[in-house]
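# Inside the fold
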2 protein chains.
Amino acid sequence: MSSEPRERILASARALYLEGGVQAVTMRGVAERVGVTATALYRHFDNKEDLLTELIGQAFLTFGAYLHRALGGKTPMERFLRSSESYLDFALEQREIYRTIFMSPVPKPADRPGFQSHRFDPASTFQFLVDRIRECMDSGDLRKDDPEQVAISVWAHVHGLASLQVCGSFDLPDEQFQEVYRQSVKRMIAGLAGPSS
Amino acid sequence: MSSEPRERILASARALYLEGGVQAVTMRGVAERVGVTATALYRHFDNKEDLLTELIGQAFLTFGAYLHRALGGKTPMERFLRSSESYLDFALEQREIYRTIFMSPVPKPADRPGFQSHRFDPASTFQFLVDRIRECMDSGDLRKDDPEQVAISVWAHVHGLASLQVCGSFDLPDEQFQEVYRQSVKRMIAGLAGPSS
DNA sequence: GTCTATAGGTGGATAGAC
DNA sequence: GTCTATCCACCTATAGAC
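Procedures and definitions
- Residues numbered from 1 in each chain as written.
- Chains lettered and ligands numbered in written order.
- Predicted model: local features only at pLDDT ≥ 70, side-chain atom pairs only at ≥ 80, totals over all residues.
- Heavy atoms only, no water.
- Phe/Tyr/Trp six-rings, centres within 6.5 Å; stacked < 30°, edge-to-face > 60°.
- Helix = DSSP H or I, 4+ residues; strand = E, 2+ residues; numbered from the N terminus.
- Buried < 20%, exposed > 50% of the residue type's maximum accessible area, 1.4 Å probe, protein only.
- Near = heavy atom within 4 Å.
- Polar contact = N/O pair within 3.5 Å; in protein donor to acceptor, adjacent residues only side chain to side chain.
- Nonpolar A, V, L, I, M, F, W, Y, C, P; charged D, E, K, R; others polar.
- Axes fitted to C-alpha atoms, helices over the stretch in contact; angles between N-to-C directions.
- Parallel < 35°, antiparallel > 145°, perpendicular 65-115°, else oblique.
- Left-handed = near helix turned anticlockwise from the far one by under 90°.
- Contact = heavy atoms within 4.5 Å.
- Buried area = accessible area lost by both parts, 1.4 Å probe.
- Salt bridge = Lys/Arg side-chain N within 4 Å of Asp/Glu carboxyl O.

Within this structure, the stated rule accounts for 26 aromatic pairs over all chains. A ring pair is formed by F177 of chain A and Y181 of chain A, whose centres lie 6.1 Å apart and whose planes are at 55°; its orientation type is tilted. With F177 of chain A and Y181 of chain A both in helix α8 (residues 174-190) and four residues apart, this pair spans about one turn of that helix. Exposure remark for Y181 of chain A: the relative accessible area of 0% places this residue in the buried category. Each ring, one from Y87 of chain B and one from Y98 of chain B, has its centre 5.6 Å from the other, and the planes form 90°; the classification is edge-to-face. Linking Y87 of chain B in helix α5 (residues 76-93) with Y98 of chain B in helix α6 (residues 95-102), this pair joins segments that are 11 residues apart in sequence. Across this residue pair, the class does not change: Y87 of chain B and Y98 of chain B are buried.

This is the structure in structure tokens:
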């Protein structure tokens with residue numbers, strides 16, 4: 001590949017990104033990590049935004065790979081539950097990427113002329129979830145309801161849990177939190193009122 | 001008051017903050033807005049962090065005022081539902097403050113020597129919610145369960161909804177979203193499985 | 001492809017005159 | 001209390017030599 005140096009630059013950028021977020025990615029910093037001077041990077045990327053765009057693009061693909069695992073489940077309910085597991089795995093294992101995708105303001109098309117939506121942006125995540133839920137309603141595992149509205153509730157619930165953990169609001173180690181997360185998903189399905197499960 | 005200029009500085013800082021977040025608050029920018037030079041600010045604040053700390057402190061008080069409204073409800077369930085309403089009101093009306101309090105990494109005591117927790121930080125929000133939920137369990141409005149675990153589920157759910165809206169992930173106008181939010185709270189209470197409500 | 005040198009920008013903070 | 005002048009750190013980006 002003639003683009004091997006390009007990959008090395010992206011790798012260094014990703015490392016800095018995972019350590020300290022977007023603001024930790026500077027041309028100087030990336031260059032130092034690669035072992036060249038900052039100006040050398042401009043042979044491979046037009047400018048910083050270019051580099052960042054490619055980085056984020058790869059991040060979306062990573063998320064897509066996590067979600068895709070859930071489709072290995074054999075029943076609708078299994079696929080639904082696995083989706084929530086995969087979602088959490090991604091949030092915990094790729095914290096900074098999760099922050100960027102789901103905890104940062106969504107750039108509007110107006111802000112970025114020529115903006116191309118990725119395969120796995122928040123919108124397609126949402127659609128993925130709608131499909132899992134519709135399946136469960138068809139199979140009778142979930143009560144019949146508007147799949148899109150239910151998807152909003154479910155997504156908000158898992159995202160809320162994941163994002164609070166990523167922010168450190170719970171002050172729980174990840175292993176303990178995973179159990180809390182699973183229980184909470186059960187509770188979301190069973191509800192808060194009515195007879196105990 | 002001898003601290004009147006101090007208040008004017010804070011007001012300008014708050015304005016910038018609400019417009020563009022923390023990063024929009026620069027000593028130069030604040031000073032320009034007040035109508036003085038940047039150096040003048042250092043007569044009133046030791047440094048930028050000092051200014052920011054005071055700003056955030058006031059923000060926590062604002063949030064506390066929102067939550068406090070919920071206590072006007074007459075029954076436990078009413079107070080519980082009003083809490084969720086107040087929470088959303090705050091998130092939508094004070095977006096940037098909401099971001100700072102609930103969507104940013106929680107500073108660990110280690111990071112800030114002499115760090116003093118505020119009256120309404122994530123931890124005390126959580127306690128407030130636990131109290132509302134315990135009330136509802138005692139009154140029989142909610143099924144008996146571990147109030148803290150249920151509080152986690154409930155908080156995550158409303159925070160997830162609020163934060164996704166604040167980020168623009170839903171792409172819905174606030175008025176429409178409020179109705180979605182209310183329905184979702186109902187759904188959280190009723191659950192996703194079992195008979196329709 | 002990579003370097004040195006350099007331009008041009010933003011931001012925090014201090015010294016000392018008024 | 002506020003000013004001017006100034007320093008320092010850090011950043012993106014370009015020109016032109018090698």
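What follows deals with the protein's contact with DNA strand C. Around DNA strand C, 15 residues are found, and the nearest of them are T37 and R43 of chain A together with R28, T39 and K48 of chain B. Atoms of DNA strand C within 4 Å of the protein: sugar and phosphate make up 46%, bases the balance. In this structure, T39 of chain A approaches DNA strand C through a side-chain N or O atom, which is 3.4 Å from a base oxygen. Take H44 of chain A: an N or O atom from its side chain is 2.9 Å from a phosphate oxygen of DNA strand C. In the surface near DNA strand C, the residues fall into five nonpolar, seven polar and three charged.

Residues and elements named next belong to chain A. The contact between helix α4 (residues 76-93) and helix α6 (residues 122-138) brings their axes to 8 Å, and the two run at 150°. When the interaxial angle is binned, α4 and α6 end up roughly antiparallel. In the crossing of α4 with α6, the sense of the turn from one axis to the other is left-handed. Across from P76, M77, R79, F80, S83 and Y87 in α4, the residues of α6 making contact are T125, F128, L129, R132, I133, E135 and C136. Looking at the contact of α4 with α6 residue by residue, the classes come out as eight nonpolar, two polar and three charged.

How big an interface is tends to be stated in terms of accessible area lost as the parts join. The interface of chain A with chain B comprises 40 residues on the first partner and 40 residues on the second. Taking both partners together, chain A and chain B bury about 3600 Å²; carbon and sulfur atoms supply 62% of that area. Sorting the residues of chain A by area buried against chain B places R143, R187 and L192 of chain A first, and these three jointly supply 22% of that buried surface. For the pair chain A and chain B, the interface holds two salt bridges. Residue D145 of chain B is joined to R187 of chain A by a salt bridge in which the shortest nitrogen-to-oxygen separation is 3.6 Å. Along the contact surface separating chain A from chain B lie 22 residue pairs in polar contact (both at pLDDT 80 or more). Secondary-structure elements contributing two or more residues to the side of chain A that touches chain B are α5 (95-102), α7 (147-167) and α8 of chain A. Residue contributions to the side of chain A that touches chain B peak at 14 residues, all from α7 of chain A.

Moving on, we get to the protein's contact with DNA strand D. Lining the immediate surroundings of DNA strand D are 15 residues, of which R28 and T39 of chain A together with T37, R43 and H44 of chain B lie closest. Taking all atoms of DNA strand D within 4 Å of the protein, the share assigned to sugar and phosphate is 51%. Within the backbone of K48 of chain A, an N or O atom sits 2.9 Å from a phosphate oxygen of DNA strand D. Mapped onto the surface near DNA strand D, the elements with two or more residues apiece are α2 (27-34) of chain A together with α3 (38-41) of chain B. Looking at side-chain class alone, the surface near DNA strand D contains five nonpolar, seven polar and three charged residues.

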